[in-house]
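Structural overview
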Amino acid sequence: MKVALILLCGLNGVAAHAGSIGVVGLFPGKAVLLVDAAAPKTYAIGATISDGVKLIGVTETAAQIDDHGKRQTLAIGTHFSRSESGGAASVTLQADSRGHFITAGQINGVGVTMLVDTGASMISMSTQEARRLGIDFKGGQRGFSSTANGVVPVYQVRLNSVRIGDIELSQVDAMVHESNLPFLLLGMSFLNRTQMQRDGERMVLTKRF
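Residues numbered from 1 in each chain as written. Predicted model: local features only at pLDDT ≥ 70, side-chain atom pairs only at ≥ 80, totals over all residues. Heavy atoms only, no water.

Observations concerning the sheet that holds strand 7 (residues 70–75)
Spatially, four strands are ordered 4-5-6-7 in an open sheet, and the strand pairing comes out antiparallel. Edge positions in the sheet fall to strand 4 (48–50) and strand 7, since each has one partner strand and no second. Between one strand axis and the next, the sheet turns by 35° as a mean value, whatever way the strands run. The pairing of strand 5 (residues 53–58) with strand 6 (residues 62–67) spans five bridges and is antiparallel. (Pairing = 2+ DSSP bridges. Helix = DSSP H or I, 4+ residues; strand = E, 2+ residues; numbered from the N terminus. Axes fitted to C-alpha atoms, helices over the stretch in contact; angles between N-to-C directions.)

Okay, here's the thing in structure tokens:
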């Protein structure tokens, strides 16, 4: 596996909530994690990060953890926070060098990479991605959408679950495009159900309902 290491300058200065875990670097079989307010520490696959939380996998772009029986996929620059008092789930995203917020997540339990797009009314994906996720888009409501490449057929579907970090939403509307989308877009059908806070190169999403 190709070594991937990214240190996020300034992340140590962010106030961490109880139960906060962030990914700041990745190596083959290991991840550099920022846990609560502690300094970054390297964990090997199988290591316990905190009570009930273990590192269970590492790829070139993300770390996979088991959080009390729930699997989480966290990309570099992403961390999630859980309030010990049972507060709302949240996830913090870090902008890339182009100012885009890209995050790993899951749709219907399958891993995906999504680009946050507040200009998209719904989660949007190509037919190829929909097939990979096992979505029967042909059974959805058919319509048309105007894009940079002209008017293309689209299908409106409903996703059983969408998960980013510690936020999981059920029954989320999505649009499947019969055109090549370079990214799966995380649109407002998901974002409207969160509280969004932008602070420079950081965006915090907190689950509302």
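Regarding the nonpolar core
Of all hydrophobic cores here, the largest spans 32 residues; its most connected members are Ile107, Ile123, Met125, Leu159 and Phe190. Broken down by secondary-structure element, the contributors of at least two residues to this core are strand 9 (90–94), strand 11 (110–116), strand 12 (123–126), strand 14 (150–164), strand 15 (167–177), strand 16 (184–186), helix 2 (188–191) and strand 18 (202–207). Other than its neighbours up to four places away in sequence, Ile107 contacts Val112, Met114, Ile123, Met125, Leu133, Leu159, Ser161, Val162 and Leu184. (Core = buried A, V, L, I, M, F, W, Y, C linked by side-chain atoms within 4.5 Å. Buried < 20%, exposed > 50% of the residue type's maximum accessible area, 1.4 Å probe, protein only. Contact = heavy atoms within 4.5 Å.)

Notes on the side chain of His177
Among the secondary structure elements, His177 is positioned in strand 15. Using a relative accessible area of 8% as the deciding quantity, one classes His177 as buried. Not counting residues within four places of it along the chain, the set of residues in contact with His177 comprises Ser124, Met125, Ser126, Thr127, Ser145, Thr147, Val152, Pro153 and Val154.

Describing the pattern of salt bridges
Two side chains carrying opposite charge are able to pair once their charged atoms lie near each other. In total, this model carries seven salt bridges according to the counting rule given. A salt bridge links Asp96 to Arg98, with the nearest nitrogen and oxygen atoms 3.6 Å apart. Accessibility expressed as a relative area gives 56% for Arg98, which makes it exposed. Of the charged contacts in the structure, one is a salt bridge between Asp199 and Arg202, with a shortest N-O distance of 4.0 Å. Looking at Arg202, the relative accessible area reads 18%, which means it is buried. (Salt bridge = Lys/Arg side-chain N within 4 Å of Asp/Glu carboxyl O.)

Quick notes on the layout of surface pockets
Taken as a whole, the second largest pocket encloses approximately 330 Å³ of empty space. Taken together, 18 residues form the lining of the second largest pocket, with Ser124, Thr147, His177, Leu181 and Leu185 sitting closest to its centre. If you list the elements that add at least two residues to the lining of the second largest pocket, you get strand 13 (141–147) and strand 15. Here the residues of the lining of the second largest pocket are counted per class, giving nine nonpolar, nine polar and no charged. (1 Å grid on protein atoms, 1.4 Å probe; cavity = no way out; pocket = protein on both sides within 12 Å on 5 of 7 lines; lining within 4 Å. Points joined across faces, edges and corners; volume = space filled by probe spheres on them. Nonpolar A, V, L, I, M, F, W, Y, C, P; charged D, E, K, R; others polar.)

Quick look at the confidence of the model for the protein
Of all residues in the protein, 86% attain a pLDDT of 70 or more, and the chain-wide mean is 83. Averaged over each element, pLDDT in the protein is lowest for strand 8 (residues 79–81) (65) and highest for helix 2 (97). Here residues 1–18 scores under 50 on pLDDT; set against residues more than four positions off or in separate chains, the count is 35 contacts. (pLDDT = per-residue confidence, 0-100.)

Points about the side chain of Ser189
Mapped onto the elements, Ser189 comes out in helix 2. We classify Ser189 as buried; its relative accessible area is 16%. Looking at Ser189, its side chain comes within polar contact range of the main-chain oxygen of Asp173, at 2.7 Å. Excluding residues within four positions of it along the chain, Ser189 makes contact with Ser121, Met122, Ile123, Val172 and Asp173. (Polar contact = N/O pair within 3.5 Å; in protein donor to acceptor, adjacent residues only side chain to side chain.)

Here we look at unusual backbone geometry
Here Asn108, not a glycine, exhibits a phi torsion of approximately 50°, which is positive. Among the structural elements, Asn108 can be located in the loop between strand 10 (102–107) and strand 11.

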